[in-house]
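Architecture at a glance
Now for the letters of each chain:
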Amino acid sequence: MKKVALKIISAAKIYAPTKIENLDEKRLVPHMMTRRRLTRNSKVMLYLSDKCDFKDGKIVYGSCYSELDETAKISRSVLTNDILSPTAFQNSVYNTAPSYFSLINKDKDEIITISSGMKTSLDTLKTAALQALVSKERVFCVSVECINIDKIQEINRCTKYLEAGAAVVVEISDEIEDAIEIEDSKMPDMIGSLQDLICVVDMYEKGIDKILIEL
Amino acid sequence: MSAYINNYELLCNAGDVESLMQAIYAKESALVIDNTYLDDASAGLGIMEYDNIFNVLERITQQILDKSNLDNFHNTLLIMGSSVGGMQECEDIFYRDMSFKNIDPMRYSIHVLSDYLQEKFAFYDSRAISTACTSSANALLLAKRLIDVEAYDNVLVIGADGLCRSTVLGFHALGVLSNKRCTPFDTDRNGMNVAEAVGALLIQNVKVKDSVELKGVGASSDAYHMTNPDPEATGAIRSMRDAIADAGIEIDDIDYVNAHGTATLANDRVESLAVEKLFGKKVFVSSTKAITGHTLGAAGAIEAIVSCEAIRNSMIPPQAGLKNQENKNINVAKESVKMDVSYVISNSFAFGGNNTSLVFGACR
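Some details on the side chain of B:Asn355
All names here are of chain B. Relative to the elements of secondary structure, Asn355 occurs in strand S16 (residues 354-362). A polar atom in the side chain of Asn355 sits 3.4 Å from the backbone oxygen of Gly353. Among all residues touching Asn355, those that are not within four sequence positions of it are Gly218, Ala219, Ser220, Ser221, Asp222, Gly235, Ala236, Ser239, Ser348 and Phe349.

Quick word on the packing of helix H2 (residues 53-67) of chain B against helix H4 (residues 111-121) of chain B
Between two packed helices, what matters for the description is the angle formed by their axes and the separation of those axes. Residues and elements named next belong to chain B. With their axes 10 Å apart at the nearest point, H2 and H4 run at an angle of 50° to one another. By the criterion of interaxial angle, the relationship of H2 to H4 is oblique. Here H2 runs over H4; the crossing is right-handed. For the pair H2 and H4, contact is made by Ile53, Phe54, Asn55, Leu57, Glu58, Thr61, Gln62 and Leu65 and by Val112, Leu113, Tyr116, Leu117, Lys120 and Phe121, respectively. The residue makeup of the contact of H2 with H4, split by class, is 9 nonpolar, 3 polar and 2 charged.

Things to note about helix H3 (residues 87-97) of chain B
Within the sequence span of H3(B), burial applies to B:Met87, B:Gln88, B:Cys90, B:Glu91, B:Ile93, B:Phe94 and B:Tyr95. Looking one or two residues past H3(B), B:Met98 carries a phi angle of roughly 55°, positive in sign.

Quick look at the interface of chain A and chain B
Of the residues lining the interface, 55 residues belong to chain A; the matching set on chain B comes to 58 residues. Summed over both partners, the interface of chain A with chain B buries about 4900 Å², with 63% contributed by carbon and sulfur atoms. It is A:Met1, A:Phe89 and A:Lys108 that lose the most area in chain A upon contact with chain B, and together they represent 14% of the buried surface on that side. Our enumeration of links across chain A and chain B arrives at 3 salt bridges. The partner of B:Asp125 in a salt bridge is A:Lys126, and the shortest N-O contact between them spans 3.6 Å. Taken together, the connections running from chain A to chain B amount to 22 residue pairs in polar contact (both at pLDDT 80 or more). At the level of elements, helix H4 (68-79), helix H5 (86-90), helix H6 (96-105), strand S3 (111-114) and helix H7 (120-135) of chain A are the ones that each hand at least two residues to the side of chain A that touches chain B. No other element matches the 8 residues that H4(A) contributes to the side of chain A that touches chain B. Broken down by class, the residue content of the side of chain A that touches chain B amounts to 25 nonpolar, 15 polar and 15 charged.

Some remarks on unusual backbone geometry
Residue and element names in this part refer to chain A. Unusually for a residue other than glycine, Ser66 sits at a positive phi of about 50°. On the secondary structure map, Ser66 appears in the loop between strand S2 (58-62) and H4. For Asn81, which is not glycine, the phi torsion reads 55° and is therefore positive. Here Asn81 is to be found in the loop between H4 and H5.

Re the packing of aromatic side chains
For the structure shown, the criterion picks out 15 aromatic pairs over all chains. Here the aromatic rings of B:Tyr124 and B:Tyr152 are separated by 6.1 Å at their centres, their planes lie at 65°, and the arrangement is edge-to-face. Note that B:Tyr124 is positioned in the loop between H4 and strand S5 (125-129) and B:Tyr152 in the loop between helix H5 (135-148) and strand S6 (154-161), a separation of 28 residues in sequence. Overall, the relative accessible area of 1% leaves B:Tyr152 in the buried class. Among the aromatic residues, those joined into a ring-pair cluster are A:Phe54, A:Phe101 and A:Phe140.

So, the sheet that holds strand S7 (residues 194-195) of chain B
Residues and elements named next belong to chain B. Here 3 strands make up an open sheet; going across it, the order is S2-S3-S7 and the pairing mixed. The outermost strands of the open sheet, each flanked by one partner alone, are strand S2 (32-34) and S7. Judged from the 3 bridges that link them, S2 and strand S3 (residues 43-46) form a sheet pairing that is antiparallel. Within S3, the residue paired with Asp34 across the bridge is Ala43.

Let's talk about the environment of B:Lys282
All names here are of chain B. With respect to the helices and strands, Lys282 occurs in the loop between helix H8 (265-279) and strand S11 (284-286). Given a relative accessible area of 65%, Lys282 falls into the exposed group. Each C-alpha atom, one on Lys282 and one on Asp153, is 36 Å from the other, the two residues being 129 residues apart in sequence. Within the local environment of Lys282, its side chain forms a polar contact with the side chain of Asp252, the two groups lying 3.5 Å apart.

A closer look at the confidence of the model for chain B
On average, residues of chain B carry a pLDDT of 96, and 100% of them reach 70 or more. Reported for the predicted complex are a pTM of 0.98 and an ipTM of 0.97.

Some thoughts on the state of the cysteines
All names here are of chain B. All chains considered together, the criterion is met by 0 disulfides over all chains. Here Cys90 is not cross-linked by a disulfide; its sulfur's nearest cysteine counterpart is in Cys164, at 9.4 Å. A relative accessible area of 4% places Cys90 in the buried class. Left unpaired, Cys308 is separated from the closest cysteine sulfur, that of Cys363, by 9.5 Å.

Rules and cut-offs
- Residues numbered from 1 in each chain as written.
- Chains lettered and ligands numbered in written order.
- Predicted model: local features only at pLDDT ≥ 70, side-chain atom pairs only at ≥ 80, totals over all residues.
- Heavy atoms only, no water.
- Helix = DSSP H or I, 4+ residues; strand = E, 2+ residues; numbered from the N terminus.
- Polar contact = N/O pair within 3.5 Å; in protein donor to acceptor, adjacent residues only side chain to side chain.
- Contact = heavy atoms within 4.5 Å.
- Axes fitted to C-alpha atoms, helices over the stretch in contact; angles between N-to-C directions.
- Parallel < 35°, antiparallel > 145°, perpendicular 65-115°, else oblique.
- Left-handed = near helix turned anticlockwise from the far one by under 90°.
- Nonpolar A, V, L, I, M, F, W, Y, C, P; charged D, E, K, R; others polar.
- Buried < 20%, exposed > 50% of the residue type's maximum accessible area, 1.4 Å probe, protein only.
- Buried area = accessible area lost by both parts, 1.4 Å probe.
- Salt bridge = Lys/Arg side-chain N within 4 Å of Asp/Glu carboxyl O.
- Phe/Tyr/Trp six-rings, centres within 6.5 Å; stacked < 30°, edge-to-face > 60°.
- Pairing = 2+ DSSP bridges.
- pLDDT = per-residue confidence, 0-100.
- Disulfide = S-S within 2.5 Å.

Structure follows, in structure tokens:
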């Protein structure tokens, strides 16, 4: 199996126990109708892309639970025989957040969405590495979980932070010798699906800008 | 390194690979008209005969292993493509209990399908892709690239989606669900049929008897609208162009376009335009969703298998259900065409303007 070195160009993370405040939506999405349709995952992803100064190119997005709020809206409508919202349905797919990014930034490049359970952000990094290797371009690698839905306490056993995300812009480095494996450090009470990417962001913030990753 | 599709299996509303191809060549739709999902209307659906999707996955994966040159999957990467994952089971619990309480969060998401197979077969590694209706097409795209860069020798790609109430009602809410068997590329088409399926393909870096090469892959985003395709078809054209360029062949080399062809007004109009602009009338086109329905995240894998069968059988699949062709500037196959099929391109398009095209080539 093959390992490659990834150079981290920029990185960002954000999280909150219930709801992340001030995602700067009005500046990032000036068009009001588009802004009103955005899901929470989309807003967090747009915020992280801005922090990483990424506007155009290949995206690998990861989310274990994805658009839980939209899915819950659909299920409740079915249960109560209410009219199902077409917007809720179109917003319920796992690639909703990067698709809104693509619409807003007119980014016509490839989008891949990973949902690999608690290793989602690791697989997102692996896939971003593959995309960077094949294209020789910079790739935006981002994972988001927004699970702050009504009655989430009935099933939430995995995190203290109901909204969280992390992102890096990466490119392939030919200098594999000084690349470092992702550290085995876990952020307490953070959902498992984001742990690896948050760890990479933390490594970058400590001055480590080259990681080794198996494809 | 080249990527070869060395064996495959599927289960859909028409049955297994052999039954599906018989139905396709005979233009016998396996879609049914159902009155149980919608209160006030009927819907054309593609329904499999099965007990639960996990058993189908296990059986099909075992069949692939038995037919392969492998003793086990310990050196194989599994890539699962699905749009709903474990939602079928979870929504049943929610509608029964009217509460989330008895839902296991680890049985909800996309990875539940790949995790189940990981536990049963001990793959080297597994990952799950979910880009709505391009999920398993994108899984194939990644598999090809992983073999190209010599990261893996063997990749098993599976596309799987079970029918969910939320999906049927969701497409109904969007006004794109047909109340009859869908008729892709027909002037009088009135929408799509939601369906379910499991399709699996073993991709390897070695050629065996009856291999079909996964020759090229391409992908793009429309950046136009969340559900409607770009009316100029720029995204669809780009994904096809990129796949053909990746295959190292010319546009004129393509013999058959296995279309996304959902039979919605918007998709078929735009995809026809894309085919017209790129190929004119030089290639045969058809959509096998007239037989299978739209199997959502499984569609890329199912239609990859159909594309391989078209090459192996030297027979272009005809368009079922077609009476009045809307776009006369493309060559929709009215009947099966017996010919040497060297290259097939298969399209998958999804919500968010996510486009993926795959080129399959004969190994002669």
